[in-house]
Amino acid sequence: MKNIAFSSWDGKIIDNRKGASSKAKKAEPLFPRLRTGESPAAVMAWNGLVLTDSKQDVLSLTVRYLNEARKISCGECSVCMLGIDTLLDMINSLAAGESSKTIIADMNNVAKQAAANSKCAFGQTVFTPVIDALKYFKADFQALAKGERSIDDSSYEVTVTAPCVNACPASLDIPGYIELIRNGRFAESLELIRRQCVMPGTIGRACTHPCEEACVRAGLDEPLAIRLLKRAAADQEQETGAAVPKTPVAEKNENVAVIGSGPAGLAAAYRLRRKGYGVTIFEALPRVGGMVAAGIPEYRVPDEVLNHEVDVIKRSGVKIKMNSRIDKLDMKAFEKKGFKAVFVAVGAHEGNAMGVEGEEQKCEGLVDGVEFLRDMNLGNPVKPKKKVVVIGGGNVALDCARSCKRLGFANVEIIYRRTRKEMPAGAEEVEAALEEGVKITYLAAPVKIIADKGKFKAVECRKMKLGAPDESGRRRPVPVKGSEYQVKADMIIPAIGQKPVLPVVSGTKKLATTSWGTIKADPDTFETSVRGLFAGGDCVLGPATLIEALDAGNRVAESIDAYLNGRRPEVEKLSFEGVDLARQRNRGFVVKAAAADAGMMDAKERASGFEEAENGFSPAQAMDEAKRCLRCYRLVVWNEA
Ligand code: SF4
Ligand code: SF4
């Protein structure tokens, strides 16, 4: 890693321009670095200025930074826009040799006043590194006035993010779509969301919303209801029956095949179609949507929401062939049909075995979680019995248990080997399940399936205690000797993870896979070992979140487009790992306000059927909630070397 030549990051000054001091080495700041782990030569951003190469041209960097900041300034309060324009004018005066003696002090005042009076976090932070540059690189600005320096701001790279955006796997422009909602511009907000998320109604309901944990307001009062705001934009379109605007595309000659219609497949298909490619999706099931259609119960994502999203995709010109399972993928045959690239997005639809004694008998009453949900969603639910035991602590286990309640099982018990704290399921899902009467037994794991005449009768469990953390960082469950006990039930649903069922590729090289049974694909290009064959989503990542799968689809589309045009896809080079994006050196006064609550149906009522459990925001509620957003855009202008 390169040494710091200068840093004002977080207001802590390290100045090694005249030689490194041992003190400076101890205080290595956490600023945006390259994904390779290397430090860029220069970084100018919301929290300071960092140079690892003292020869970097801070003057040109500042000019580029201000020009980029001008593009983000929304003009709503006009303060930062005026400040940026004034500073750029003053730099022009310096370059023209027309400035007064006090110009650098005047520039400093302009920047400070603009920061102090800006109404959003962007305006409050954007001047921070400019003030640092004026203070610590004053000589460079003076040299410009003397005609000893010139400006060349062409060689920099630009990254714009926000704490919430950086946490969203699909990097949605969250402050952007929230701002449009605040102004009642729901259709434009949805259009902006759709650029990165083609399933806004589904994701607005079922996303695990890591963005909200990262929201700056989480540290002040309550995070913005980012997920529900996205749902509000989607609901508005559906409720008002607004026509989805058709974006004309310049047609291209190439066709792409997509195998699987889950979030990854749909996202890639839509994006490729909008670039003008002919796209055909091959779906094995009689319903489109992959895990959303076959794995998420209606009370979380109603059918009409998914159907609307699929309609939008179809209207863009994507062809979808249902009941078209592709077990054998003959690349030559696809090529003959005119497909220049194939994207495998088959998801992970086969449940993992528990690996316990008696499981191999496959007795009646032992039903895998994904199979249970698939049958239910395709219209063949199991007949309710008295008691069901669900094994696992993820969202699939929770979906199975809550669905069993709705199907009419009298007793539903989840058995999970760790504690509630380690449960991978979303906290809201766990809370809702408990409210609906699902019993959760923690620190227990199945060891034996007990059946009689081919029928499931009971599961033998063993108590667990928590040991040292495992590779996932969660504390490992350790069996308690001699603690075995039996749980009698009519049915058992193991839901302990899934794996993909991959098509057999023929007519070309072998498809490389991992020891987990997933496809090996290049993390940047998503290309597999087979030329022209791309893979992404759960069949590469293993069971991931919906938004992670959807993001993979977006990126695969970019990669296929690059491949068909004989270039490499562009990938984000900058990493914010370890960087506190919520931190800012200058924050305005924030009036505290709790997040709007859309509410849920009464627990008893919702557990009696499959009606949507969670309410959405009304337009007025959404606009009010959107007002809480602080608009924390973080601009980074940087130079790799
Ligand atoms: S306040 Fe708005 S911009 Fe800031 S982190 Fe939260 S949602 Fe994102
Ligand atoms: S997709 Fe999920 S993570 Fe991204 S902004 Fe929406 S709710 Fe947040």
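Residues numbered from 1 in each chain as written. Chains lettered and ligands numbered in written order. Predicted model: local features only at pLDDT ≥ 70, side-chain atom pairs only at ≥ 80, totals over all residues. Heavy atoms only, no water.

**Topic: the overall build of the protein chain**
Piece 1. Helix and strand counts for the protein chain come out as 24 helices and 25 strands.
Piece 2. A compact globule built from 641 residues would reach a C-alpha radius of gyration of about 26 Å, and the protein chain, at 28 Å, matches this within 12%.
Piece 3. For the protein chain, the spread of C-alpha atoms along the three principal axes comes to 95 × 60 × 55 Å.
Piece 4. Out of the 641 residues in the protein chain, the part that is buried amounts to 54%.
Piece 5. When contacts within the protein chain are restricted to residue pairs at least 6 apart in sequence, those whose partners lie at least 24 apart make up 72%.
Piece 6. Split by element, the accessible area of the protein chain, about 28600 Å² in all, is 49% carbon and sulfur. (Helix = DSSP H or I, 4+ residues; strand = E, 2+ residues; numbered from the N terminus. Rg over C-alpha atoms; globule rule 2.2 N^0.38 Å. Buried < 20%, exposed > 50% of the residue type's maximum accessible area, 1.4 Å probe, protein only. Contact = heavy atoms within 4.5 Å. Areas by Shrake-Rupley, 256 points an atom, 1.4 Å probe, with all protein chains shown as cover.)

**Here's the deal with the site of ligand 2**
Piece 1. Within the structure, ligand 2 sits among C168, P169, I174, I203, C207, H209, P210, C211, I226, R227, K230 and I547.
Piece 2. Elements with a minimum of two residues in the shell around ligand 2: α12 (210–214) and α13 (226–240).
Piece 3. When residues in the shell around ligand 2 are grouped by element, the largest group, three residues, is from α13.
Piece 4. Residue composition of the shell around ligand 2, by class: nine nonpolar, one polar and two charged. (Near = heavy atom within 4 Å. Nonpolar A, V, L, I, M, F, W, Y, C, P; charged D, E, K, R; others polar.)

**Side note on unusual backbone geometry**
Piece 1. Of note, S171 is a non-glycine position whose phi angle comes to about 50°, a positive value.
Piece 2. As for its placement among the helices and strands, S171 is situated in the loop between α8 (163–167) and α9 (174–182).

**A look at the site of ligand 1**
Piece 1. In the vicinity of ligand 1, the residues found are C164, P175, C215, V216, L224, I226, C629, L630, R631 and C632.
Piece 2. Of the residues contributing to the shell around ligand 1, the split by class is nine nonpolar, no polar and one charged.

**Some points on the side chain of D561**
Piece 1. Structurally, D561 can be placed in helix α22 (residues 546–564).
Piece 2. For D561, a relative accessible area of 7% corresponds to the buried category.
Piece 3. If we skip the residues at most four places from it in the chain, D561 touches K252, L272, K275, Y277 and R567.

**Considering the packing of aromatic side chains**
Piece 1. For the structure shown, the criterion picks out nine aromatic pairs.
Piece 2. With 5.0 Å between their ring centres and 85° between their planes, F6 and F137 make a pair best called edge-to-face. Taken as a pair, F6 in strand β1 (residues 6–7) and F137 in the loop between α6 (128–136) and α7 (138–145) lie far apart in primary sequence, 131 residues in all. F137 carries the same exposure label as F6, and that label is buried.
Piece 3. Through a chain of ring-to-ring contacts, the aromatic side chains of F6, Y136 and F137 assemble into a single cluster.
Piece 4. The ring of F137 is capped by R17, whose NZ or CZ atom sits 4.1 Å from the centre of that ring. (Phe/Tyr/Trp six-rings, centres within 6.5 Å; stacked < 30°, edge-to-face > 60°. Lys NZ or Arg CZ within 6 Å of the ring centre and 35° of its normal.)

**Re the sheet that holds strand β6 (residues 157–161)**
Piece 1. One open sheet accounts for six strands, arranged β2-β1-β5-β4-β25-β6; its pairing is antiparallel. Because the sheet does not close on itself, it has two edges, and the strands there are β2 (14–15) and β6.
Piece 2. The pairing of β1 with strand β5 (residues 48–51) spans two bridges and is classified as antiparallel. Following the sheet pairing, S7 is matched in β5 by V50.
Piece 3. Docked against the sheet, helix α2 (residues 58–72) engages β4 (42–45), β5, β6 and β25 (634–639), running at close to 145° with respect to β25.
Piece 4. Sheet contacts for α6: β1, β4 and β5; angle to β5, the most-contacted strand, approximately 60°. (Pairing = 2+ DSSP bridges. Axes fitted to C-alpha atoms, helices over the stretch in contact; angles between N-to-C directions.)

**Overview of the packing of α2 against α6**
Piece 1. Orientation of α2 relative to α6, taken along the N-to-C sense of each, is 155°, at an axis distance of 11 Å. Taken together, the axis directions place α2 and α6 in an arrangement best described as roughly antiparallel. The crossing of α2 and α6 is left-handed. Across from V58, T62, Y65 and L66 in α2, the residues of α6 making contact are P129, V130 and A133.
Piece 2. Of the residues assigned to the contact of α2 with α6, the class counts are six nonpolar, one polar and no charged. (Parallel < 35°, antiparallel > 145°, perpendicular 65-115°, else oblique. Left-handed = near helix turned anticlockwise from the far one by under 90°.)

**A word on the pairing of strand β13 (residues 387–391)**
Piece 1. Counting buried positions along β13 gives five out of five residues, so the element sits mostly inside the fold.
Piece 2. Burial along β13 is two-sided: the face carrying K387, V389 and I391 and the face carrying V388 and V390 are both buried.
Piece 3. Where β13 meets strand β14 (residues 411–415), five bridges bridge the pair, whose relative direction is parallel. Bridged to V388 within β14 is V412.
Piece 4. The parallel pair β13 and β14 is bridged by helix α19 (residues 395–407), and the resulting crossover is right-handed.
Piece 5. In this sheet, strand β20 (residues 491–494) lies alongside β13 in parallel orientation, the contact comprising four bridges. Across the sheet, the residue bridging to V388 is M491, located in β20. (Right-handed = clockwise from strand over helix to strand, strands pointing away.)

**A word on the sheet that holds strand β11 (residues 339–344)**
Piece 1. What the five strands build is an open sheet, ordered β9-β8-β7-β11-β23; its pairing is parallel. This sheet does not close on itself; its edge strands, each paired only once, are β9 (319–321) and β23 (533–535). Neighbour-to-neighbour, the strand axes of the sheet open up by a mean angle of 20°, direction not taken into account.
Piece 2. Relative to β11, strand β7 (residues 255–259) runs parallel, the two sharing five bridges. Residue pairing in the sheet places A257 in a bridge with V342 of β11.
Piece 3. Contacts from α22 reach β7, β11 and β23, with the element oriented near 155° to β11.

**Some details on the domain arrangement of the protein chain**
Piece 1. What the domain assignment reports for the protein chain is domain 1 (6–162 + 633–639), domain 2 (164–244 + 613–632), domain 3 (255–348 + 500–564) and domain 4 (351–498).
Piece 2. For domain 2 and domain 3, the distance between their C-alpha centroids amounts to 26 Å.
Piece 3. Counting residues at the interface gives 21 residues for domain 2, matched by 26 residues for domain 3.
Piece 4. For the pair domain 2 and domain 3, the two sides together bury roughly 2100 Å², of which 65% comes from carbon and sulfur.
Piece 5. Looking only at domain 2, the three residues that lose the most surface to domain 3 are V198, M199 and Q238, adding up to 29% of its buried area.
Piece 6. For the pair domain 2 and domain 3, the interface holds zero salt bridges.
Piece 7. Inspection of the domain 2/domain 3 interface yields eight residue pairs in polar contact (both at pLDDT 80 or more). (Domains from an automatic or database assignment. Buried area = accessible area lost by both parts, 1.4 Å probe. Salt bridge = Lys/Arg side-chain N within 4 Å of Asp/Glu carboxyl O. Polar contact = N/O pair within 3.5 Å; in protein donor to acceptor, adjacent residues only side chain to side chain.)

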